[in-house]
Number of protein chains: 2
Amino acid sequence: MTPRRRDPARGPTTRQRILEAARELFARRGVERVTMRDLAHTIRLTPAAIYLYFRDKAALIRELVENDFRTFSGRLGRLARIADPVERLQELGHAYVEFGISYPNHYRLLFMTPHPPDAAAVVGAAVAPGQGRPEEDAYALLMATVQECIDTGRFRPEYQNAAQVAQMIWACVHGVVALHIVMGDDPWLTWQSPTRTVAMLIETLERGLSVTPP
Amino acid sequence: MTPRRRDPARGPTTRQRILEAARELFARRGVERVTMRDLAHTIRLTPAAIYLYFRDKAALIRELVENDFRTFSGRLGRLARIADPVERLQELGHAYVEFGISYPNHYRLLFMTPHPPDAAAVVGAAVAPGQGRPEEDAYALLMATVQECIDTGRFRPEYQNAAQVAQMIWACVHGVVALHIVMGDDPWLTWQSPTRTVAMLIETLERGLSVTPP
DNA sequence: ACGATCAACTAAACGATGTTAACATGAACG
DNA sequence: CGTTCATGTTAACATCGTTTAGTTGATCGT
């Protein structure tokens, strides 16, 4: 299913060429508006050739999206060096929204479309630990930061459940991004800039969470 | 395009039968997993017959969704009788989430899928005033309530832009619903109940917005 | 030098989808 | 009684993802 090149020195593998072209097309037109024939045509291949390297369209999409998300997750990971947990939380939110606005089509795939249960994952059941999907890492970082806020007494006493608070925050930033992607250019209401909205939202939320009203 | 019945007394119009069956099927399986042939078959009709009453699948979906949303909008409208604007805001949020959780497929269509610019709307340009789409009404109600909160001095002075605040709130509740719909049964993270999450979220947000910290 | 092997690809089709064009039918009516 | 027209049906079309059966050309053992 994944043939090896004879001469790895010369040029990119066909598999990589497929991935590159798909990334380009998907990001520009969105997955459902890119046909396998389109994709094959831009690589000057036959549609069937793609199926030598990917089980089906869904598998191709999955691999692409996981790649991009890994870089996103890495970018978020760099924010782990911020000492103050509350400040870190804010920066996480901003980075999240910035990613969603910059790569709306990737974002839609990751967070706005129900993922049909991956056939391989269903049979494979247990995944290698620590090797988990990148979205888990990002979520773990969020949870850890929230937990740190709780442990250092930055939050009001009613916020003890880190998962609960993390999901609240996630819902907020996701909501801003998702609404902007879906209805961003609906003319019937004047949208505020998503970055401004999320900035104000995070600020407000933090004040609601914090124990010290300035 | 929309033929009239000869004997309106006898039984429901074919058009209505299509709508009813479509509503049932769409709500159960989701739009993209219901084919025109499926739909026609349950009415004991030929697929082509549907096209006597609806221009295409998208038009059928639009009409269905607009209907359901009108009832939702009406339900929200009943909350307008709540005197206290802050309390009204909270109830609006809860009703919103309850709708999204109860009718996930309708919600996805309304708020989670980009609407291709309606051909009729593009040529028709101006719609009859007051006859606007129901989502506008719901949004107007939200905006008005926020404005009332601002006018009666319930919010901190930095929140003067009603549209901005309304979109913050909308983003929050939408985020809770949308995440739940898309990742609600992903096993890798333990989701809190959406109603609990949104309750806590609204409470937190309100404390962040309000001028008086209790 | 040569036949066998096999990765890498193509040609052609299949089944499902939304949609349309051409034809049937049967009640209503002058 | 013949015309009209609403209301269907039958059969096809184009497009989609995908599969099956071949083709090709480099590589390799002998």
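Placed above this text is the structure.
Since the model is a prediction, treat every value here as computed from it, not as a measurement. (Residues numbered from 1 in each chain as written. Chains lettered and ligands numbered in written order. Predicted model: local features only at pLDDT ≥ 70, side-chain atom pairs only at ≥ 80, totals over all residues. Heavy atoms only, no water.)

Asker: Let's hear about the interface of chain A and chain B: which residues, and what values?
Answerer: The partner chain B presents 44 residues to the 44 residues of chain A that form the contact. Both sides together, the interface formed by chain A and chain B hides about 4100 Å², and carbon and sulfur atoms give 67% of it. The largest share of the area that chain A buries against chain B comes from Q164, Q167 and W188 of chain A, three residues that together contribute 15% of it. Our count for the chain A to chain B interface comes out at 2 salt bridges. (Contact = heavy atoms within 4.5 Å. Buried area = accessible area lost by both parts, 1.4 Å probe. Salt bridge = Lys/Arg side-chain N within 4 Å of Asp/Glu carboxyl O.)

Asker: Requested: an account of the pattern of salt bridges, with residues and values cited.
Answerer: Within this structure, the stated rule accounts for 20 salt bridges over all chains. Each member of the salt-bridge network shares a partner with another, and the members are R156 and E158 of chain A together with R207 of chain B.

Asker: I'd like to hear about the packing of aromatic side chains, residue by residue, with values.
Answerer: Summed over the entire model, instances satisfying the criterion amount to 24 aromatic pairs over all chains. Arranged with centres 6.1 Å apart and planes meeting at 85 degrees, the rings of F111 of chain A and W170 of chain A form a pair that is edge-to-face. Of the two residues, F111 of chain A sits in helix 6 (residues 104-112) while W170 of chain A sits in helix 9 (residues 162-183), which places them 59 residues apart along the sequence. Under the relative-accessibility criterion, F111 of chain A is labelled buried at 3%. Three or more aromatic residues joined by ring pairs make a cluster, and in this case those are F69, F72, Y96, F99, Y103, Y107, F111, Y139 and W170 of chain A together with W188 and W191 of chain B. (Phe/Tyr/Trp six-rings, centres within 6.5 Å; stacked < 30°, edge-to-face > 60°. Helix = DSSP H or I, 4+ residues; strand = E, 2+ residues; numbered from the N terminus. Buried < 20%, exposed > 50% of the residue type's maximum accessible area, 1.4 Å probe, protein only.)

Asker: Explain the environment of E24 of chain A to me, using residue names and the numbers behind them.
Answerer: For E24 of chain A, the position within the fold is in helix 1 (residues 14-29). Separated by 15 residues in sequence, E24 of chain A and L39 of chain A place their C-alpha atoms 9.8 Å apart.

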